[in-house]
Amino acid sequence: MTVLPGPLTSYLKLAATPRAVSYARQHTKQEILEWGLPELADTAELLVSELVTNAVKATRQPQDQGPSWERPSVLVWLTSEQGAVLIRVWDNNSQMPSRQDADPLAEAGRGVALVAALASDWGAYRKLLGKVTWCLLGLNSNSAVMKEERKDRLAAVVGARYRQPVPSSRWFTRAPAIGRQGQRESAAEL
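Rules and cut-offs
- Residues numbered from 1 in each chain as written.
- Predicted model: local features only at pLDDT ≥ 70, side-chain atom pairs only at ≥ 80, totals over all residues.
- Heavy atoms only, no water.
- Helix = DSSP H or I, 4+ residues; strand = E, 2+ residues; numbered from the N terminus.
- Expected span 1.5 Å × (residues − 1).
- Buried < 20%, exposed > 50% of the residue type's maximum accessible area, 1.4 Å probe, protein only.
- Arc of directions from axis to C-beta.
- Contact = heavy atoms within 4.5 Å.
- pLDDT = per-residue confidence, 0-100.
- Pairing = 2+ DSSP bridges.
- Axes fitted to C-alpha atoms, helices over the stretch in contact; angles between N-to-C directions.
- Salt bridge = Lys/Arg side-chain N within 4 Å of Asp/Glu carboxyl O.
- Polar contact = N/O pair within 3.5 Å; in protein donor to acceptor, adjacent residues only side chain to side chain.

Visitor: Outline helix 1 (residues 19-34), listing residues and values.
Guide: For helix 1, with 16 residues, the first-to-last C-alpha span of 23 Å sits near the 22 Å given by 1.5 Å per residue. Of the residues making up helix 1, those classed as buried are Ala-20, Val-21, Ala-24, His-27, Thr-28, Glu-31 and Ile-32. Down the axis of helix 1, the smallest arc covering the buried residues is 135°, so these residues share one side. Elements in contact with the buried residues of helix 1: strand 1 (8-15), helix 2 (38-58), strand 2 (73-81) and strand 3 (84-91). Immediately downstream of helix 1, the backbone of Gly-36 shows phi near 80°, a positive value.

Okay, here's the thing in structure tokens:
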């Protein structure tokens, strides 16, 4: 894998509408693939989607809707250097993001938890007008392991299970699974 020298940057200004999320996702994935970081593309796309969705929801709309060029916007910055990607999203609301305890059946409320679970680091800071929410993604020497760790963290946030639990019934025994090194694992090890 060849990582381009950096820093590489990209900037995108979008109207604060629900359509901004789709544009930000496409832009992010394209940029990160062009920067030679395909291992981070899907995760970055998901993270930018969450950050932009939150920014659009948080954006304060003016009382009188003027022409489209005067409508509020959200800003997306992407920066890459030495295999790391920094995603920053600005909106005009200075209220800081916070994690919510979303009900398992709720359709919303997991955005900040997803960002915290999948990013190497994240945070937010106030500007003179509004705030910037950011997250950092990075590669290590074993990106496959990091991918598995991110999958497990994501599963914990959304309540999904990637591995079948050991059955609680004493009448049911699971067939042994083949481990990563080709060794059989017992149900107790899983």
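Visitor: Which residues make up the environment of Ser-94, and what values go with them?
Guide: Among the secondary structure elements, Ser-94 is positioned in the loop between strand 3 and helix 3 (111-118). The class for Ser-94 is partly exposed, based on a relative accessible area of 33%. Residues Ser-94 and Ala-124 lie 30 residues apart in sequence; the distance between their C-alpha atoms is 9.9 Å. If we ignore the near neighbours within four places in the chain, the residues touching Ser-94 are Arg-126, Gly-130 and Lys-131.

Visitor: Explain unusual backbone geometry residue by residue, including any values.
Guide: Positive phi is not limited to glycine here, since Gln-82 has a value of about 50°. Within the secondary structure layout, Gln-82 lies in the loop between strand 2 and strand 3.

Visitor: So, the confidence of the model for the protein chain: which residues are in play, and what are the values?
Guide: This prediction gives the protein chain a mean pLDDT of 75; 60% of its residues lie at or above 70. Mean pLDDT per element in the protein chain: strand 7 (residues 184-185) is the minimum at 44, and helix 1 is the maximum at 96. Within the model, pLDDT remains below 50 along residues 141-146, and this stretch shows four contacts once partners closer than five positions in the same chain are excluded. Note that residues 160-190 has pLDDT below 50 and, in this model, 27 contacts with residues that lie over four places away or in other chains.

Visitor: Which residues make up the sheet that holds strand 1, and what values go with them?
Guide: Spatial strand order, 1-2-3-5-4: five strands in an open sheet with antiparallel pairing. The sheet is open, and its two edges are formed by strand 1 and strand 4 (121-126), each paired on a single side. Averaged over all pairs of adjacent strands, the angle between their axes in this sheet comes to 15°, without regard to strand direction. Bridge analysis of strand 2 against strand 3 gives seven bridges, and the strand direction is antiparallel. Bridge pairing in strand 3 links Leu-75 to Trp-90. Helix-sheet contacts for helix 1 involve strand 1, strand 2 and strand 3, and the interaxial angle to strand 1 is about 165°.

Visitor: I'd like a rundown of the pattern of salt bridges, residues and numbers included.
Guide: Scanning the model with the defined rule gives four salt bridges in all. The shortest N-O distance in the salt bridge between Glu-45 and Arg-25 comes to 3.5 Å. Of this pair, Glu-45 sits in helix 2 while Arg-25 sits in helix 1; the two residues are 20 residues apart in sequence, bridging distant segments of the chain. What makes Glu-45 buried here is its relative accessible area of 15%. A residue is classified by how much of its surface remains accessible, and Arg-25, at 28% relative accessible area, is partly exposed. Between Asp-42 and Lys-29 there is a salt bridge whose closest N-O contact spans 2.8 Å. In this pair, Asp-42 sits in helix 2 while Lys-29 sits in helix 1, placing the two residues 13 residues apart along the sequence. One continuous salt-bridge network, built from bridges that share partners, spans Arg-25, Lys-29, Asp-42 and Glu-45.

Visitor: Can you tell me about the environment of Tyr-23, naming the residues and giving the values?
Guide: Turning to its location among the elements, Tyr-23 is positioned in helix 1. If we skip the residues at most four places from it in the chain, Tyr-23 touches Leu-12 and Leu-14. In terms of polar contacts, Tyr-23 uses its side chain to reach the side chain of Arg-19, at 3.1 Å.

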